[in-house]
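# Remarks on the overall topology
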Amino acid sequence: MNQSAGLDAEMTQQAFDALANMAHRNWGLVLVAEKRAMVASRLRHRVRARGLSGFDAYSQLVLSDEGADEVPHMISALTTNVSHFFREPHHFEALSAALAPQLQAVLEKGTRMRIWSAGCSNGQEPYSIAMHLLDANPKLANADFKILATDIDPKVIRFARTGEYEDREVNGLPDGFRERFTTPIDGGVSMSKVLRDIISFRPLNLLEPWPMRGQFDAIFCRNVVIYFDVETQDRLWPRFNEKLKQEGVLFLGHSERMQATERNGFKTAGATAFLKAGCPEKPILQEEEHGAS
């Protein structure tokens, strides 16, 4: 087949509609008509890699049984995996404030603590959570403390699991964290074994059944639901509520909001922090005072 044709051909409305419907149905992604050029730009290299004649052929491939192996590549191309360490830093202080009683129980009574980073991208978020809590509570390294980190993109999960980052990617670490929590490697750093032992990375589509049986003390789902329509978000909130312990906290991204908070079993504890309805008030920081970062 003519590989160069796939590079230059425009995406037809039919191909875009087929891909957009698939993305919404399977992954909850909303691809409006104005994003057709963006979708074409992100998928053009996959058309070339498969040696296809154009986007119509590509849409036919990913919708067929024979194209199952291409679907993960399509997910990687369409999803945005931009993050950095300690993004929206006020959330980490809020986490410590919200979980202070639970942290004390973990350290003094040997109870368990579980945190979920849903949509962990390249891994900076769960590593930041672990570093922040270990910095304040070093004994957590020997406690029953685990972080589950999930993402729909298996490619970024494989990357995050290595725990290796270039020097430019860790420039934003707080003072002393690089020395305490990483090991130098050629051109960058490797996250320490204590961090990698705490965090489990797993691929997970939030729209599919969740295999986790237990509940979490905190759930981070930041800059994820912004890609979903309101209907899809409304299906997720009760599921997050079910997976959150009674005194747990849910964090969203700075541009995300939950509609009908009380109906979904939550109450606000800051612009992008939510407690379960009925949970005692907690001294969580008010994010709107800090702004996005």
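Residues numbered from 1 in each chain as written. Predicted model: local features only at pLDDT ≥ 70, side-chain atom pairs only at ≥ 80, totals over all residues. Heavy atoms only, no water.

## Observations regarding the sheet that holds strand β6 (residues 199-203)
Taken in spatial order, the seven strands make up an open sheet running β6-β2-β1-β7-β8-β10-β9, and their pairing is mixed. Of all the strands in the sheet, the pair left with one neighbour each is β6 and β9 (266-268). Strand-to-strand twist across the sheet, computed as the mean angle between neighbouring axes with direction ignored, equals 20 degrees. Bridging between β9 and strand β10 (residues 273-276) involves three bridges; their strand directions are antiparallel. The partner of Lys267 across the bridge, within β10, is Leu275. With respect to the sheet, helix α7 (residues 100-109) is in contact with β1 (112-118), β7 (216-221) and β8 (244-252), its orientation differing from that of β1 by roughly 130 degrees. (Pairing = 2+ DSSP bridges. Helix = DSSP H or I, 4+ residues; strand = E, 2+ residues; numbered from the N terminus. Axes fitted to C-alpha atoms, helices over the stretch in contact; angles between N-to-C directions. Contact = heavy atoms within 4.5 Å.)

## As for the confidence of the model for the chain
Considering every residue of the chain, the mean pLDDT works out to 89; 92% of them sit at 70 or more. Across the chain, β7 holds the top mean pLDDT of 98, while helix α1 (residues 3-8) sits lowest at 46. Low confidence marks residues 1-6, where pLDDT is under 50. Its contacts with residues over four positions away, or in another chain, come to 15 contacts. Between residues 287-293, whose pLDDT stays under 50, and residues either more than four places distant or in other chains, the model counts 18 contacts. (pLDDT = per-residue confidence, 0-100.)

## Focus on the pairing of β8
Here five bridges tie β7 to β8, and the two strands are oriented parallel to one another. Paired with Ala218 across the two strands is Val249, which belongs to β8. Once the chain exits β7 it traverses helix α12 (residues 230-243) before rejoining the sheet at β8, and the crossover so formed is right-handed. (Right-handed = clockwise from strand over helix to strand, strands pointing away.)

## Focus: the packing of helix α3 (residues 36-49) against helix α5 (residues 71-78)
Between α3 and α5, whose axes approach to 9 Å, the crossing angle comes to 140 degrees. What the angle tells us is that α3 and α5 run oblique. In the packing of α3 onto α5, the handedness of the crossing is right-handed. Each of Val39, Arg42, Leu43, His45 and Arg46 in α3 lies in contact with α5, whose residues at this interface are His73, Met74, Ala77 and Leu78. Counted by class, the contact of α3 with α5 contains five nonpolar, two polar and two charged residues. (Parallel < 35°, antiparallel > 145°, perpendicular 65-115°, else oblique. Left-handed = near helix turned anticlockwise from the far one by under 90°. Nonpolar A, V, L, I, M, F, W, Y, C, P; charged D, E, K, R; others polar.)

## A closer look at helix α2 (residues 13-27)
For α2, spanning 15 residues, the distance from its first C-alpha to its last is 20 Å, which sits close to the expected 21 Å at 1.5 Å a residue. For α2, every residue scored as buried is listed here: Ala15, Phe16, Leu19, Ala20, Met22, Ala23 and Trp27. Along the long axis of α2, the arc covered by the buried residues comes to 160 degrees, so they all point the same way. Within α2, the exposed residues directed more than 90 degrees away from the buried face are Gln14 and Arg25. (Expected span 1.5 Å × (residues − 1). Buried < 20%, exposed > 50% of the residue type's maximum accessible area, 1.4 Å probe, protein only. Arc of directions from axis to C-beta.)

## Topic: the sheet that holds strand β3 (residues 164-166)
One key point about sheets: their strands pair by backbone hydrogen bonds, in either a parallel or an antiparallel sense. Taken in spatial order, the three strands of this open sheet run β3-β5-β4, and their pairing is antiparallel. Looking along the sheet, the strands with just one partner apiece sit at the ends: β3 and β4 (182-185). Strand-to-strand twist across the sheet, computed as the mean angle between neighbouring axes with direction ignored, equals 30 degrees. Pairing of β3 with strand β5 (residues 188-191), which is carried by three bridges, proceeds in the antiparallel orientation. Note that in β5 the partner of Tyr165 across the bridge is Val189.

## Side note on the state of the cysteines
For the structure on display, the rule yields zero disulfides. Cys120 takes part in no disulfide bond, and the closest cysteine sulfur, belonging to Cys221, lies 11 Å away. By relative accessible area, Cys120 is classed as buried at 1%. Residue Cys221 is classed as buried on the basis of its relative accessible area, which comes to 0%. (Disulfide = S-S within 2.5 Å.)

## Some words on the packing of helix α6 (residues 90-98) against α7
At a closest axis distance of 5 Å, the pairing of α6 and α7 adopts a crossing angle of 65 degrees. Contact with α6, carried on its side by Ser96, Ala97 and Ala98, involves Ala100, Pro101, Gln102 and Leu103 of α7 and no other residues of that element. When its residues are assigned to classes, the contact of α6 with α7 shows five nonpolar, two polar and no charged.

## Digging into the pattern of salt bridges
Counted under the stated rule, the structure contains 12 salt bridges. The salt bridge involving Asp135 is made with Arg180; its shortest N-O contact spans 2.4 Å. One end of the pair, Asp135, is in helix α8 (residues 124-136); the other, Arg180, is in helix α10 (residues 177-181), with 45 residues separating them in the sequence. The exposure class of Asp135 is partly exposed, given its relative accessible area of 32%. Residue Arg180 is classed as partly exposed on the basis of its relative accessible area of 45%. Linked through salt bridges whose partners overlap, the residues forming this network are Arg46, Arg50, Asp69 and Glu70. (Salt bridge = Lys/Arg side-chain N within 4 Å of Asp/Glu carboxyl O.)

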